[in-house]
Amino acid sequence: MEHTKKHHSISYSTKLGQITIEGPIPRKELEKYEFHSELTAFRPAPRQFEALLDIAEFPEGRIIVARTEDTIIGYVTYLHPDPLERWSTFNMEVLIELGAIEIIPAYRGARVASNLLKVSMMDNYMENYIIISTEYYWHWDLEGTNLSIWEYRKVMEKMMAAGGLLPAPTDDQEIISHPANCLMVRTGKNVTQKSIEQFDVLRFLGRSKYRNMREGL
């Protein structure tokens, strides 16, 4: 599968000034920008920036950023699921994961997250993918936002819907370990029925394994 990427961008004003949201951005372009020191949700900012630079080099990897003139203040990543994750079981070329989305606190409420997702989907090639995002409440910034679990879940669903991702059922043990966790999915209009059916099996892999054991397969 050829992972074609077409750059798109939007710019708009916020109370802190003009920002640009653009991507996918290749490594050599990312390296021209500063990475804000408050982008630390997953690891220290310098290490997280290195992770983004690496993802940008993957054939399917996509980095969409929100930036001021020269500083990245938010981003979203897309890449194939980690080989150690359940979602890589069938090595589906059409399956990519929204791996991380992060915005510095000062720009929360400025529609940055939803616009990152909207710009992501401006590339028509995204219609060739099933896009997933696994949402776990223990990753949410409940303290920083002063929201309850269910209030945060509602905000998160609204944000993901801006990119066309909607909640989908699964029997994944981590996701069903708490009712606030969820699997978010967007199925591109060019995805084949065969791939959709294979993904349905993947979503309910536990049920499929149990059925095969029961039937002696």
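Before reading on, note that the structure itself is shown above.
What counts and what doesn't
- Residues numbered from 1 in each chain as written.
- Predicted model: local features only at pLDDT ≥ 70, side-chain atom pairs only at ≥ 80, totals over all residues.
- Heavy atoms only, no water.
- Buried < 20%, exposed > 50% of the residue type's maximum accessible area, 1.4 Å probe, protein only.
- Helix = DSSP H or I, 4+ residues; strand = E, 2+ residues; numbered from the N terminus.
- Contact = heavy atoms within 4.5 Å.
- Phe/Tyr/Trp six-rings, centres within 6.5 Å; stacked < 30°, edge-to-face > 60°.
- Lys NZ or Arg CZ within 6 Å of the ring centre and 35° of its normal.
- Arc of directions from axis to C-beta.
- Polar contact = N/O pair within 3.5 Å; in protein donor to acceptor, adjacent residues only side chain to side chain.
- Core = buried A, V, L, I, M, F, W, Y, C linked by side-chain atoms within 4.5 Å.

Asks: Explain helix α3 (residues 112–120) residue by residue, including any values.
Replies: Think of an α-helix as turning once every 3.6 residues; residues three or four places apart then point the same way. In terms of burial, α3 is largely enclosed, as eight of its nine residues are buried. Within α3 the residues assigned to the buried category are Val 112, Ala 113, Ser 114, Asn 115, Leu 116, Leu 117, Val 119 and Ser 120. As for α3, its buried residues are in contact with β1 (8–14), β2 (17–23), β4 (62–67), β5 (71–79), β6 (95–103) and α5 (149–161).

Asks: Lay out the packing of aromatic side chains with the relevant residues and their values.
Replies: Under the defined criterion, the tally for this structure stands at seven aromatic pairs. With centroids separated by 6.3 Å and ring planes inclined at 40°, the aromatic side chains of Trp 87 and Phe 199 adopt a geometry described as tilted. On the criterion of sequence distance, the pair formed by Trp 87 in the loop between β5 and β6 and Phe 199 in helix α6 (residues 193–203) is long-range, its members being 112 residues apart. Accessibility expressed as a relative area gives 4% for Phe 199, which makes it buried. Between Trp 140 and Tyr 152, the aromatic rings sit 5.1 Å apart at their centres with planes inclined by 10°, giving stacked as the arrangement. Of this pair, Trp 140 sits in the loop between β7 (130–135) and α4 (142–145) while Tyr 152 sits in helix α5; the two residues are 12 residues apart in sequence, bridging distant segments of the chain. The exposure classification of Trp 140 matches that of Tyr 152, with both residues buried. Residue placement shows Arg 86 over the ring face of Trp 87; its charged tip is 5.1 Å from the ring centre.

Asks: Please give an account of α6 that cites residues and values.
Replies: For α6, the full list of buried residues reads Ser 195, Phe 199, Leu 202 and Arg 203. Along the axis of α6, the buried residues cluster in a sector spanning 95°; they form a single face. For α6, the exposed residues set more than 90 degrees away from the buried face come down to Gln 193 and Lys 194.

Asks: With reference to specific residues and values, describe the side chain of His 80.
Replies: Note that His 80 resides in the loop between β5 and β6. One polar contact links the side chain of His 80 to the main-chain carbonyl oxygen of Leu 95, over a distance of 2.8 Å. In this structure, His 80 is in contact with His 3, Glu 60, Met 92, Glu 93, Leu 95 and Ile 96, ignoring residues within four places of it in sequence.

Asks: Requested: an account of the nonpolar core, with residues and values cited.
Replies: Judged by nonpolar contacts, the single largest core of 50 residues is most densely connected at Leu 30, Tyr 78 and Val 112. Of all the secondary-structure elements, those providing two or more residues to this core are β2, α2 (45–57), β4, β5, β6, α3, α5 and β9 (182–187). With near-sequence residues (within four places) excluded, Val 112 lies in contact with Tyr 12, Ile 19, Ile 21, Ala 66, Ile 73, Ile 103 and Tyr 107. Listed in part, the 15 residues of the second largest apolar core include Ile 130, Tyr 136, Ala 168 and Ile 175.

Asks: Before we move on, can you summarise the side chain of Ser 114 with the specific residues and values?
Replies: Examined against the element boundaries, Ser 114 turns out to sit in helix α3. When its relative accessible area of 17% is taken as the criterion, Ser 114 is described as buried. Not counting residues within four places of it along the chain, the set of residues in contact with Ser 114 comprises Met 159 and Ala 162.

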